[in-house]
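Examining the three-dimensional arrangement
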Amino acid sequence: AQTVTQSQPEMSVQEAETVTLSCTYDTSESNYYLFWYKQPPSRQMILVIRQEAYKQQNATENRFSVNFQKAAKSFSLKISDSQLGDTAMYFCAFRASYQGAQKLVFGQGTRLTINP
Amino acid sequence: EAGVAQSPRYKIIEKRQSVAFWCNPISGHATLYWYQQILGQGPKLLIQFQNNGVVDDSQLPKDRFSAERLKGVDSTLKIQPAKLEDSAVYLCASSFLRTSGKNKTQYFGPGTRLLVL
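Sequence positions are assigned chain by chain, starting from 1 and proceeding in written order. A letter from A marks each chain and a number from 1 marks each ligand, given out in the order of writing. For a predicted model such as this one, the threshold for reporting local features is a pLDDT of at least 70, and the threshold for listing and counting side-chain atom pairs is 80 or more; totals across whole chains, interfaces and linings nevertheless cover every residue. Values reported for side chains reflect all heavy atoms of the structure, with hydrogen atoms and water molecules removed beforehand.

1. Here we look at the sheet that holds strand β1 (residues 5–7) of chain B
Residues and elements named next belong to chain B. Strand order in the open sheet made by the 4 strands is β1-β3-β8-β7, with antiparallel pairing throughout. This sheet does not close on itself; its edge strands, each paired only once, are β1 and β7 (65–68). Neighbouring strand axes in the sheet, compared pairwise and without regard to direction, differ in orientation by 15 degrees on average. DSSP-based pairing: two strands are paired if at least 2 bridges between them are found. Under the scheme used here, helices are H or I runs from DSSP no shorter than 4 residues and strands are E runs no shorter than 2 residues, and both carry numbers assigned from the N terminus. Sheet analysis places β1 next to strand β3 (residues 19–24), joined by 3 bridges and oriented antiparallel. By the bridge assignment, Q6 is partnered in β3 with C23. Lines fitted to C-alpha atoms define the axes here, with helix axes fitted over just the stretch in contact, and angles between the N-to-C directions of these axes take values from 0 to 180 degrees.

Okay, here's the thing in structure tokens:
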């Protein structure tokens with residue numbers, strides 16, 4: 001079974017700073033997908049960024065980028081030039097890629113607060 | 001493009017009562033998921049439908065939870081009878097069918113917050 005661990009329950013930074021959220025996972029699969037989802041107080045889960053395990057290049061979406069270390073089973077999220085609107089819970093999630101495997105396995109989440 | 005719709009947004013019931021949640025996925029998404037998110041935890045899959053068939057319900061407490069997806073579009077999740085530990089947010093998500101070649105990303109609805117007293 002796959003597991004996802006987020007070791008930082010809470011983080012807080014000042015606006016415009018850079019922050020990195022950590023995620024580690026455990027799997028015996030060689031092909032899979034990793035995701036970071038953002039969940040603001042409204043509770044709508046929003047996809048931030050996605051990484052396919054067979055791609056060596058780290059994914060980037062505007063101010064959001066990941067550091068994917070497959071051998072270490074590590075998948076951290078970096079938020080550059082943080083904004084007040086980035087305040088939310090952030091969840092790391094894993095999905096296997098074999099046939100029929102579509103469910104997401106989530107970590108416990110990191111509560112990120114951006115202070116003005 | 002309209003997102004995943006869920007109703008109600010909030011529900012308060014007493015233990016042993018029954019409750020039902022409704023979900024309407026994004027148009028064209030054949031796969032629908034129900035997740036349970038207990039306060040302070042990440043979401044956990046309860047059940048996954050592909051069209052109107054069940055793909056995975058291994059973590060659904062079948063003695064009290066049931067779900068259906070008639071006609072392969074809308075879905076209803078029911079709890080009967082509810083227990084205190086069922087207090088959680090119930091999230092519905094949808095995605096394209098795995099073999100469609102399209103983006104498999106799951107898109108989530110706003111969730112239904114259930115409080116069992």
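2. Points about the packing of aromatic side chains
Residues and elements named next belong to chain A. Pairing of aromatic rings covers Phe, Tyr and the six-membered ring of Trp, with a centre-to-centre limit of 6.5 Å; geometry is then stacked below 30 degrees between planes, edge-to-face above 60, and tilted otherwise. With the rule as written, the count across this model stands at 15 aromatic pairs over all chains. Look at Y25 and F94: their rings are 6.2 Å apart centre to centre, the planes differ by 35 degrees, and that puts the pair in the tilted class. With Y25 in strand β4 (residues 24–26) and F94 in strand β10 (residues 88–96), this pair connects stretches of sequence that are 69 residues apart. Buried residues are those whose accessible area, probed at 1.4 Å on protein chains only, stays under 20% of the maximum for their type, while exposed residues exceed 50% and partly exposed ones sit between those limits. Under the relative-accessibility criterion, F94 is labelled buried at 1%.

3. As for the state of the cysteines
Residues and elements named next belong to chain B. Note on disulfides: each one is a pair of cysteine sulfur atoms within 2.5 Å. Taken as a whole and assessed by the stated rule, the structure comprises 2 disulfides over all chains. The disulfide bridge from C23 ends at C92, spanning 1.9 Å between sulfur atoms. Its torsion about the S-S bond being -70 degrees, the disulfide of C23 and C92 is classed as left-handed. You can see C23 sitting in strand β3 and its partner C92 sitting in strand β9 (residues 88–95), a full 69 residues away along the chain. Judged by relative accessible area, C92 falls into the buried class, the value being 0%.

4. Remarks on a nonpolar patch on the surface
All names here are of chain B. Here the term patch refers to residues with relative accessible area over 30% and no salt bridge, with like charges joined within 9 Å and nonpolar side chains (Val, Leu, Ile, Met, Phe, Trp, Tyr) within 5 Å. For accessible areas, the Shrake-Rupley method is used with a probe of radius 1.4 Å. Any residue's cover is judged against the shown protein chains and nothing else. We count a salt bridge whenever a side-chain nitrogen from Lys or Arg sits within 4 Å of a carboxyl oxygen from Asp or Glu. A grouping of I12, L115 and L117 is seen on the molecular surface, where their side chains present a nonpolar patch of about 300 Å² in accessible area. Within the secondary structure, L115 sits in strand β11 (residues 112–116). Take L115: its relative accessible area is 39%, and that puts it in the partly exposed class.

5. Brief notes about the side chain of R63 of chain A
Residue and element names in this part refer to chain A. Within the secondary structure, R63 sits in the loop between β7 (60–61) and β8 (64–69). Within the structure, R63 has its side chain in polar contact with the backbone oxygen of D81 (distance 3.2 Å). Here D86 takes part through its side chain, which lies 2.9 Å from a polar atom of the side chain of R63. In this view, R63 contacts K78, I79, S80, D81, S82, Q83 and D86; residues no more than four positions away in its chain are not counted. Pairing of N or O atoms within 3.5 Å defines a polar contact, subject to two protein rules: one partner must be a possible hydrogen donor and the other a possible acceptor, and residues neighboring in sequence count only if both atoms are side-chain atoms. Contact definition: two residues touch when any of their heavy atoms are within 4.5 Å.

None of this, on its own, says anything about what the molecule does.
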